[in-house]
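Each chain is listed here by its residues.
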Amino acid sequence: MKDRVIKTMKSMLLFLILLGVVSGRRSQLLQGLPATSTVEENSAAGVAVYNFNVTLSPLASEGVAILPTIVNSNPLTGAFDIESKGGLEFRVITTGNPVLDYETMPKSFDLQIFVEDTTGRTDLSVLTIHVTDKNEHPVFRGNMAIQTVMIYVLERTPPERIYQVDAADPENAKLKFSLLPATVPFSISESGAIFSTKEFDYEKDPHSYFLNITVTDPDGLNSTRIVNINIININDERPYFTTKQRIYRIPEEQSLGSSVANITAKDPDDGDSPSRLFYSIQSPDRRFSINPATGELQVAGRIDRDALPLRLHPNISLVLRVEDSPSRGHAREMEITVVIEDVNDNPPECNPSAFRKEANENTAPGTFLVDLRNYCKDIDADPSNNQFIFTGLSGFGSNNFALESTGRLVMTGTIDLENPSNPGVEVYTLTVRVQDIAHPSYSSKYPFYISFDSFLCYIIYIYIRIKPVNEFFPVFQNLSYVFSVSEITKVGSSIGRVHAIDKDWPPSVITYSIVAGAGTRDYTNIFWISPTKGDVRILARLDYETTQKHIFTVQASDQEKSTTASVTVNVLEVNDEEPVCSPNFFSLQIPVDLAAGTNINGFRIECQDRDSDPRSFRYFINEGNENSHFTFSPSAGSNTSRLILASRFDYESGLDTNWVYSLHVHITDDNLVSARDKTTHLTKTGTVTLSIRVIPNPTTVTTTTPGFTVVTRRENLYSPSAWYVPFVVTLGALLLLGLLGHLGLLLLTQLRSCCPPAGKAHSTPLINAPEKKKPKKEVAVTMTKLNTVFDGEARDPVTGRVYEFNTRSGARRWKKSNEPLQPVLALQVMSSATEHSGQGADGAEAPSRKEPSEKRKELTAATKPTAKPLAGQSERPGQGLRLQKKKEESENGGLSSPAPESKN
């Protein structure tokens, strides 16, 4: 930041100087400038470089306004400054920041010095300073330039180069390397490489060396640094065991971590210092472990003398190993023997440790249950240590059992579950102690044993489950049950409950069922009972008018024993039937001038009610009785009532305008119910609909009634529940279109087969003539049946067979083999065929077109040719001939041979 401020101030001063020079007031104030001077590199701060004076004019009585100042330098640097020597004498000195370096910095600097007196006169001159070279001390580079270098050499390493000294001369002169003291087993080359001159032995040679490395330039200037070389010990000696004991004795069942022996060893490489060795067990035995650092042999697993293989071989051999390095070091091995001594450490054991027995609740006292000695043993090898006894029978209800000295458990009391002295006890939990007779030497390996009189006791748990015996029958609280229920009770409603109890303990699960009754002629089961709760429910509607009482039998069962009870259901009558009237719909026509009080068309209705008295009916018109023209008589108290015109119609005055009356008649069955009870009485209503049309007189002037128009608006709405409708309609339409298309194709095929177009009729050639390369045109003659006589004969030029033809119609047939050939006619036909070459077929076809009616005539005679038909053709007598004409290349068509019609 300071350099930046200085540069900024110098730039401003230079600007002012230049401004003064431009103004034309420059004078010669600096004496001795411009000039050239020299300075040596690496000069310290304050070294004088050049001296100069300032000369003032007589007018500048007050002296210098701006002291001589370096306003600029080329190149720019802050290595120089101006200081006053006193008066008007000044000198240029070095600042030491930066230090001048001949090798890395510019070799010369041009300093612009500015001065101004009090009259405003200025002067600007240049001082050129050349930096001169100076011989400098050589310098170390790398780590040696900043610190003492530590070099480590492994013992037993052959002589070799161990380090490269990095040094340089500022003047790039050749340097000379040397080391002291000269007695050390090291040398240094001309390039600065340090070499070891011997193979070191850590146990005999010094462990550390200090070398003075000196580097000297040609002028004798030098620099020195210290190199510390340390010899590193390597593992080159085998360690050896210092422990002499080889046999150790320990008792069995030692706790984990118990010390067995302390194994020690020594490594010659360590000299008098403690050896850092690593111990291990080479033989695979998980019962022991050794501390790898201290060599302490410890118990790592359970050691049981009474278990195999120690039961037969109590000696354990271990191979111990000591190493002076965790890997690839020198090692030595030693074998020791550990003898396991037997102790009384096993209490008796029983397998299983828990017994589960069952006994019926009616088991008699004195019954044997289990012999425990058959399930217990002591695995100690010494007979004095494997003897045990049973003792301490305890537990809730143990007074009902006894434990004999032989280990037999016997029942001594009663265990009846229904006995008040044994309330609800289903399982007896008994405990028995099994303990050693000899003095024990137990450890904590038996966490589930208990201590009793310093003996470790094995605990046996005996669970005796008392098996219930079904001794009692279920008993209903009542021998019979009576329920009364209204006939209008909803299906599924509960009408009562039956209940039975069982004295057996624990209480048995009682299941209820209906075993008899509970059905009618129409329903197999009218009632249902809950299997677990005994609730009786209705499965079908009750009808007092059909059955007033239902009797059925229910059963209570505990899966083994059962009992029954009778259930009677009395159906209570309720007015639940509607009056049924006949007819329930009727249409009537009455004249407009019918007198009041008239029974309309003699109409009456008759009503019936299965659960009501005929006198309980009431009749009233609920809807459609405009102006009260109609009434029923009697209106109550009878099951028959007539329709009466209560008042005449009056259309002339406009009182009546409706010519069609739709009466909704209601018939109720509450006529005999008092007014006080009608609010709570159940009333049923029947309905009759009457349509009455009033017929006007012919001479009667009908009053014009205002007309009205009914506008019906239909709107198609999508219903999510009817999503299938458009799908079904679309599918049906597609199927219908497909069916119509199929029928059309069938009809077209039939028309083509029945009425082929001219020139397209099917025909079969007599022979398969060679095909021509040019396109062929086939002309077929429709099959005909003629009554004419075949008056001509000819021979087919291809097959050589004789055929007959009619000269008028052109019809042809094969000639029978027994008929002679007519020579004259044959010659005529052959001549005619020659004269009309290419027209024979057309000539035969022309009569057929001219006389279509003859095509439907039947042949009077049939021929059966003897010649063998062509492949794929058959000849039948009585059938027409098919003719085929083929156009030849020379356009001279020959007569086609007639062939019999092949069977389709």
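Every value quoted in this text rests on a predicted model; they were computed, and no experiment measured them. (Residues numbered from 1 in each chain as written. Predicted model: local features only at pLDDT ≥ 70, side-chain atom pairs only at ≥ 80, totals over all residues. Heavy atoms only, no water.)

On to the overall build of the chain, then. A count of helical and extended segments in the chain gives four helices and 60 strands. In the chain, which comprises 904 residues, the proportion classed as buried is 36%. Contacts spanning at least 24 positions in sequence make up 67% of the contacts within the chain whose residues lie at least 6 apart. For the chain, the exposed surface amounts to about 52,600 Å²; the carbon and sulfur share of it is 53%. (Helix = DSSP H or I, 4+ residues; strand = E, 2+ residues; numbered from the N terminus. Buried < 20%, exposed > 50% of the residue type's maximum accessible area, 1.4 Å probe, protein only. Contact = heavy atoms within 4.5 Å. Areas by Shrake-Rupley, 256 points an atom, 1.4 Å probe, with all protein chains shown as cover.)

Our next topic: the confidence of the model for the chain. Taken residue by residue, the chain gives an average pLDDT of 77. The fraction at 70 or more is 77%. This model gives residues 759-786 a pLDDT under 50, and the stretch forms 74 contacts once residues within four places in sequence are excluded. Note that residues 820-904 has pLDDT below 50 and, in this model, 162 contacts with residues that lie over four places away or in other chains. (pLDDT = per-residue confidence, 0-100.)

The subject of this paragraph is the state of the cysteines. Applying the stated criterion across every chain, the model contains two disulfides. Cysteine pairing in the chain follows 1-2, 3-4, where each cysteine in a disulfide is numbered by its order in the sequence. (Disulfide = S-S within 2.5 Å.)

What follows is about the nonpolar core. One recurring pattern in soluble globular proteins is that nonpolar side chains are buried together. With 26 residues, the main nonpolar core has Phe630, Leu643, Phe649 and Ile667 as its most contacted residues. In this structure Ile667 touches Pro579, Cys581, Ile605, Cys607, Phe617, Arg618, Tyr619, Lys684, Thr685, Gly686 and Val688, once residues within four positions along its chain are discounted. (Core = buried A, V, L, I, M, F, W, Y, C linked by side-chain atoms within 4.5 Å.)

This brings us to unusual backbone geometry. With an omega dihedral of 5 degrees, the bond running from Asn97 to Pro98 counts as a cis peptide bond. Counting through the fold element by element, Pro98 comes out in the loop between strand 6 (89-94) and strand 7 (108-117). For the bond from Ser633 to Pro634, the omega torsion is -5 degrees, close enough to zero to count as cis. With respect to the secondary-structure elements, Pro634 resides in the loop between strand 50 (630-633) and strand 51 (640-645). In this model, Asn42 sits at a positive phi of 60 degrees, which is unusual for a non-glycine residue. Mapped onto the fold, Asn42 is located in the loop between strand 2 (35-40) and strand 3 (48-54).

Here we take up the side chain of Asn470. Looking at where Asn470 falls in the secondary structure, it is placed in the loop between strand 36 (455-467) and strand 37 (475-476). Taking relative accessible area as the criterion, Asn470 reaches 17% and is therefore assigned buried. One polar contact links Asn470 to Asp558, side chain to side chain, over a distance of 3.0 Å. Ignoring sequence-local partners within four residues, the contact set of Asn470 consists of Asp502, Asp504, Asp558, Glu560 and Lys561. (Polar contact = N/O pair within 3.5 Å; in protein donor to acceptor, adjacent residues only side chain to side chain.)

If you walk through the whole model with that rule in mind, you get 21 aromatic pairs. Ring centres 5.3 Å apart and planes at 75 degrees place the aromatic pair Phe186 and Tyr209 in the edge-to-face group. Taken together, the residues span a long stretch of sequence, with Phe186 in strand 14 (residues 186-188) and Tyr209 in strand 16 (residues 208-216) at a distance of 23 residues. Exposure class is identical for Phe186 and Tyr209. Each is buried. Judged by centre distance (5.6 Å) and plane angle (70 degrees), the ring pair of Phe401 and Tyr428 falls under edge-to-face. A residue pair is termed long-range when its members are at least 10 positions apart, and Phe401 in strand 32 (residues 401-403) and Tyr428 in strand 34 (residues 427-436) qualify at 27 residues. In this structure Phe401 comes out as buried when scored by relative accessible area, which is 5%. Clustering of aromatic rings is evident, with ring pairs tying together Phe630, Phe649, Tyr651, Trp659 and Tyr661. In this structure, Lys107 packs its charged tip against the face of Tyr102, placed 4.8 Å from the ring centre. Geometry around Trp814 places Arg801 over its ring, the cationic atom sitting 3.8 Å from the centre. (Phe/Tyr/Trp six-rings, centres within 6.5 Å; stacked < 30°, edge-to-face > 60°. Lys NZ or Arg CZ within 6 Å of the ring centre and 35° of its normal.)

Taken together, the three strands give an open sheet; going across it, the order is 20-24-23, and neighbouring strands pair in antiparallel fashion. Looking at which strands have only one partner, the edges of the open sheet turn out to be strand 20 (259-262) and strand 23 (288-290). Along the sheet, successive strands turn relative to each other by an average axial angle of 20 degrees, direction set aside. Pairing analysis gives three bridges linking strand 20 to strand 24 (residues 296-299), with the strands arranged antiparallel. (Pairing = 2+ DSSP bridges. Axes fitted to C-alpha atoms, helices over the stretch in contact; angles between N-to-C directions.)

Pairing is mixed across the open sheet formed by four strands, whose spatial order is 2-8-7-4. Since the sheet does not close on itself, it has two edges, and those belong to strand 2 and strand 4 (64-74), each with one partner. For this sheet, the mean inter-axis angle between neighbouring strands, taken without regard to orientation, is 25 degrees. Here strand 7 runs beside strand 8 (residues 122-132); their pairing, made up of nine bridges, is antiparallel. If you follow Phe114 over to strand 8, its bridge partner there is Leu124.

On to the pattern of salt bridges. For the coordinates displayed, the defined rule picks out 16 salt bridges. One salt bridge connects Glu793 with Lys815, and the closest N-O pair in it is separated by 3.0 Å. Here Glu793, found in strand 55 (residues 792-795), pairs with Lys815, found in the loop between strand 57 (812-814) and helix 3 (823-835); they are 22 residues apart in sequence, far enough to count as distant. Here the two residues Glu793 and Lys815 agree in accessibility, since each one is buried. The residue Lys815 makes a salt bridge to Glu804 at a minimum N-O spacing of 3.8 Å. Here Glu804 lies in strand 56 (residues 802-805) and Lys815 lies in the loop between strand 57 and helix 3, a separation of eleven residues in the sequence. For Glu804, a relative accessible area of 5% gives the class buried. Connected through shared salt-bridge partners, Glu793, Glu804, Arg813 and Lys815 make up one network. (Salt bridge = Lys/Arg side-chain N within 4 Å of Asp/Glu carboxyl O.)

Glancing now at the environment of Val410. Within the secondary structure, Val410 sits in strand 33 (residues 408-411). Val410 gets classed as buried once you look at its relative accessible area, which sits at 11%. Between the C-alpha atom of Val410 and that of Asp371, which follows or precedes it by 39 residues, the distance is 9.1 Å. With residues near it in sequence (within four places) discarded, Val410 still touches Gly366, Thr367, Asn400, Phe401, Ala402 and Glu404.

Moving on: the environment of Asn422. Relative to the assigned elements, Asn422 resides in the loop between strand 33 and strand 34. Residues Asn422 and Gly397 lie 25 residues apart in sequence; the distance between their C-alpha atoms is 8.8 Å. Not counting chain neighbours up to four residues away, the residues in contact with Asn422 comprise Asn400, Thr414, Ile415, Asp416, Leu417 and Tyr428.

Mapped onto the fold, Ser196 is located in strand 15 (residues 193-196). Under the relative-accessibility criterion, Ser196 is labelled buried at 5%. When near neighbours in sequence (up to four residues on either side) are disregarded, Ser196 contacts Pro158, Pro159, Glu160, Ile162, Pro185 and Phe186.

What follows concerns the pairing of strand 33. Consecutive residues of a regular strand have side chains that alternate between opposite faces of the sheet. Bridge count for strand 29 (residues 368-371) against strand 33 is three bridges, and the pairing is antiparallel. Following the sheet pairing, Val370 is matched in strand 33 by Leu409. Here strand 32 runs beside strand 33; their pairing, made up of three bridges, is antiparallel. Paired with Leu403 across the two strands is Leu409, which belongs to strand 33. Where strand 32 folds back on strand 33, the antiparallel hairpin that results is connected by four residues, among which Gly407 adopts a positive phi of roughly 90 degrees.

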